[in-house]
Amino acid sequence: MVRIKQGREAGQYAIIIGVIDDQFVLLADGEKRKTNRPKKKNLHHVEMVDYISPEVQNSLLETGRVTNGKLRFAITTFKVQVVTDLKKGDLHDGER
């Protein structure tokens, strides 16, 4: 999972579905960027997020590909579980 830092989709989340070389990866989100036309993105323009979707990982390992529905589900699940938890913690700033 990555957060896009630069470009038109800055601030959005996507999943790496392929690696071209040590500088470029292929990103898809299942909505705007489908798996059949992934976005080629420079690694310097994305921020790696310490999260791996088990559904997407299993699908890639078993069949070598992933469906757009699984990508959408993984990103939505990530946003609900991880991003909202971070926002909850940020809102309080340790104050009571």
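Provided above is the structure to which this section pertains.
Residues numbered from 1 in each chain as written. Predicted model: local features only at pLDDT ≥ 70, side-chain atom pairs only at ≥ 80, totals over all residues. Heavy atoms only, no water.

Undergrad: Now, about the overall build of the protein chain: what can you tell me, with residues and values included?
TA: Secondary structure summary: the protein chain contains two helices and five strands in total. Seen in sequence order, the protein chain has helices and strands lined up from the N terminus as β-β-β-β-β-α-α. Of all 96 residues assigned to the protein chain, the portion counted as buried reaches 28%. Considering only contacts in the protein chain between residues 6 or more positions apart, those separated by 24 or more positions represent 47%. Carbon and sulfur atoms form 49% of the exposed surface of the protein chain, whose accessible area is close to 6800 Å². (Helix = DSSP H or I, 4+ residues; strand = E, 2+ residues; numbered from the N terminus. Buried < 20%, exposed > 50% of the residue type's maximum accessible area, 1.4 Å probe, protein only. Contact = heavy atoms within 4.5 Å. Areas by Shrake-Rupley, 256 points an atom, 1.4 Å probe, with all protein chains shown as cover.)

Undergrad: Pulling in residues and values, what's your account of the packing of aromatic side chains?
TA: Within this structure, the stated rule accounts for two aromatic pairs. Measuring from centroid to centroid gives 5.1 Å for Tyr13 and Phe78, while their planes differ by 65°, and the two rings are edge-to-face. Highlighted residues: Tyr13 in strand S2 (residues 13-19) and Phe78 in helix H2 (residues 68-92), separated in sequence by 65 residues. Taken individually, Tyr13 and Phe78 each receive the classification buried, so the pair is uniform in this respect. (Phe/Tyr/Trp six-rings, centres within 6.5 Å; stacked < 30°, edge-to-face > 60°.)

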